[in-house]
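Each chain, written out:
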Amino acid sequence: MLENLNVWEIGALLLLALLIFGDRLPAVITDGLRMVRNLRAMARNATGDLSRELGTDIQLEDLHPKAFIRKHLLSEEDEAAIRKPLQGVYDDLRSDVTGVHNELKDVASAADPRAKGTRPATATGTPSAPAPRASYDDAT
């Protein structure tokens, strides 16, 4: 949660909290922790009540509709039967996209003027056309 804050930002937040709450800061922290504990207990009680009503073991993660259907209503054979026709379509689509991606890479490398495959001087000794000069826009 706080991984994108550095030490100075955390210190500034703590100082700001001390200035806002003053001597009541320990009581505010205690109340916040009590609220988090109560929310966790409420979630645990709700999942327990739901488990008792449905007659299955339900975890908090199972309350997502897709996870609930997958775990409690479909057997493994049903899930495999649903996935089977879609798996072939997915594999075909993935191979097509990979082919298009590779072709686009080939076209981009062939069209790149800065590629290493520049034309060497001809056998008669006349140099090839000079390389294009970089403009100001290319440098910025």
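Below is a summary of the structure that appears in this document. Bear in mind that the values here come from a model prediction, so they are computed numbers and not experimental data. Throughout this document, residue positions are counted from 1 along each chain, in the order its sequence is written. It should be noted that, the model being predicted, local features are given only for residues of pLDDT at least 70 and side-chain atom pairs only at 80 or more, the latter also being counted only at that level, while totals for whole chains, interfaces and linings use all residues. Side-chain measures here rest on the full set of heavy atoms in the structure, leaving out hydrogens and waters.

1. With respect to the pattern of salt bridges
Any two side chains of opposite charge can pair if their charged atoms end up close together. Using the following cut-off: When a carboxyl oxygen of Asp or Glu lies within 4 Å of a side-chain nitrogen of Lys or Arg, that pair is called a salt bridge. Elements are defined by DSSP. Helices are runs of H or I of four residues or more, strands are runs of E of two residues or more, and each kind is numbered from the N terminus. Buried, partly exposed and exposed residues are distinguished by accessible area as a fraction of the type maximum, computed with a 1.4 Å probe on protein chains only: under 20%, between the cut-offs, and over 50%, respectively.
Scanning the entire structure with this criterion turns up two salt bridges. Close ionic contact of D31 with R34 constitutes a salt bridge, the shortest N to O distance being 3.0 Å. With a gap of three residues between them, D31 and R34 both fall in helix α2 (residues 25-54), about one helical turn apart. Owing to a relative accessible area of 42%, R34 belongs among the partly exposed residues under this scheme. A salt bridge links R52 to D49, with the nearest nitrogen and oxygen atoms 2.5 Å apart. One end of the pair is R52 and the other is D49, both in helix α2 and three residues apart, which spans about a single turn. Looking at D49, the relative accessible area reads 38%, which means it is partly exposed.

2. Quick look at the side chain of T47
Formally: Contacts described as polar in this section are N or O atom pairs within 3.5 Å, which, within protein, must combine one atom able to donate a hydrogen with one able to accept it, while residues neighboring in sequence count only if both atoms come from side chains.
Residue placement: T47 occurs in helix α2. Here R44 takes part through its backbone oxygen, which lies 2.9 Å from a polar atom of the side chain of T47.

3. Regarding helix α4 (residues 76-111)
Formally: The span expected for a helix works out to 1.5 Å for each residue beyond the first. Bend, in this description, refers to the angle at a residue between axes fitted to the seven residues ending there and the seven starting there.
With 36 residues, α4 extends 50 Å between its outermost C-alpha atoms, agreeing within 8% with the 52 Å of an ideal straight helix rising 1.5 Å per residue. The sharpest bend along α4 comes to roughly 35°, located at K84, with the proline P85 sitting one to four residues further on.

4. Topic: a nonpolar patch on the surface
Selection rule: Only residues above 30% relative accessible area that lack a salt bridge enter a patch, with like-charged residues linked at up to 9 Å and the nonpolar side chains Val, Leu, Ile, Met, Phe, Trp and Tyr linked at up to 5 Å. For accessible areas, the Shrake-Rupley method is used with a probe of radius 1.4 Å. Any residue's cover is judged against the shown protein chains and nothing else.
A surface patch of nonpolar side chains, about 380 Å² in accessible area, is lined by L13, L16, I20 and F21. The class for I20 is exposed, based on a relative accessible area of 55%.

5. Comments concerning α2
Which entries qualify depends on this criterion: The contact criterion used throughout is that any non-hydrogen atoms of two residues lie within 4.5 Å.
Under the 1.5 Å per step criterion, the end-to-end length of α2 is 44 Å for 30 residues, consistent within 8% with the ideal 44 Å. For α2, the full list of buried residues reads L25, T47 and S51. Close packing links the buried residues of α2 with α1 (7-21). In the stretch just after α2, G55 is the one whose phi turns positive, near 75°.

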